[in-house]
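As a plain string of letters, each chain reads:
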Amino acid sequence: MENFRKVRTSEEESPLPFPDLPPGVVEMKVKEGSKIRNLMSFAMAQMELKGSRQIVFSGCGRAVTKTITCVEIMKRKLGGLHQVTKVRYKTLLEVWENQDPPPGSAAQNLTVHKNVPSICILLSRDPLDPNQTGYQPPEPSQPGEDPSSSSGKGQKRPPPPPCEELLPKKLQGAGPGSSPWGSGDRDSQPEGHH
């Protein structure tokens, strides 16, 4: 494949794996190069401003982790969302063009069918069937609630202890301004510190 160059990638269209979706439900197709900020601003506008009740995030291949990240951000920002996750394989078609065809012949293309992992996640404000495979109930916390009050998720580390707690015990007993070697006399200091 050293003389070939990828010229096109397309994915076979397949229906969403969720039966009974209302018409016009928003599908966020997450790609490897998609910016999370752009995806989230559009998705949040659909759910908050336009009042959508359901939204689907889908991605395949290297975009799977980005798809999951978007879903987790939305669940944390909105709260109370029911989730159904479906994992499957999707077929990508890659077209490769021969860069160095044999003399006297036309450039040949090679088409590769690649099966890649794919994920589709449905988020819904309305309750979904809890018996279907991949269902997750809403998180117990409400939107806008301080995450540190309900669970250990998202908590910051506690502040460091005051400086005196970091000192060894024998140094803590000495008052401010006193030397760890005794009184302030030159005679009581260890050798070599005169």
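Draft legend 1. Geometry of the environment of leucine 123. The topology assignment puts leucine 123 in strand E5 (residues 109-124). Not counting residues within four places of it along the chain, the set of residues in contact with leucine 123 comprises Arg53, Gln54, Ile55, Phe57, Val71, Met74, Lys75, Leu81, His82 and Gln83.

Draft legend 2. Broad picture of the environment of valine 95. Mapped onto the elements of the fold, valine 95 is located in strand E4 (residues 82-98). Taking the C-alpha atoms as reference points, valine 95 and lysine 6, separated by 89 residues in sequence, lie 5.9 Å from one another.

Draft legend 3. Examining the pattern of salt bridges more closely. This structure, assessed with the given rule, holds nine salt bridges. Between lysine 90 and glutamate 11 there is a salt bridge, with its nearest N and O atoms 2.9 Å apart. Of this pair, lysine 90 sits in strand E4 while glutamate 11 sits in strand E1 (residues 4-11), and the two are 79 residues apart along the sequence. A salt bridge links glutamate 13 to lysine 29; the shortest N-O distance between them is 3.5 Å. Of this pair, glutamate 13 sits in the loop between E1 and strand E2 (26-30) while lysine 29 is found in strand E2, placing the two residues 16 residues apart along the sequence. Assessed through its relative accessible area of 39%, lysine 29 is described here as partly exposed. Sharing partners across several salt bridges, the network here consists of Lys6, Glu94 and Lys114.

Draft legend 4. Layout of the nonpolar core. In terms of nonpolar packing, the biggest core is built from 20 residues, with Met28, Ile55, Phe57, Met74 and Leu123 touching the most fellow members. Sorting the residues of this core by element identifies E2, helix H1 (36-49), strand E3 (54-60), helix H2 (64-78) and E5 as the ones contributing at least two each. In this structure, Val84, Cys120, Leu122 and Tyr135 belong to the second largest nonpolar core, which totals seven residues.

How each quantity is defined
Residues numbered from 1 in each chain as written. Predicted model: local features only at pLDDT ≥ 70, side-chain atom pairs only at ≥ 80, totals over all residues. Heavy atoms only, no water. Helix = DSSP H or I, 4+ residues; strand = E, 2+ residues; numbered from the N terminus. Contact = heavy atoms within 4.5 Å. Salt bridge = Lys/Arg side-chain N within 4 Å of Asp/Glu carboxyl O. Buried < 20%, exposed > 50% of the residue type's maximum accessible area, 1.4 Å probe, protein only. Core = buried A, V, L, I, M, F, W, Y, C linked by side-chain atoms within 4.5 Å.

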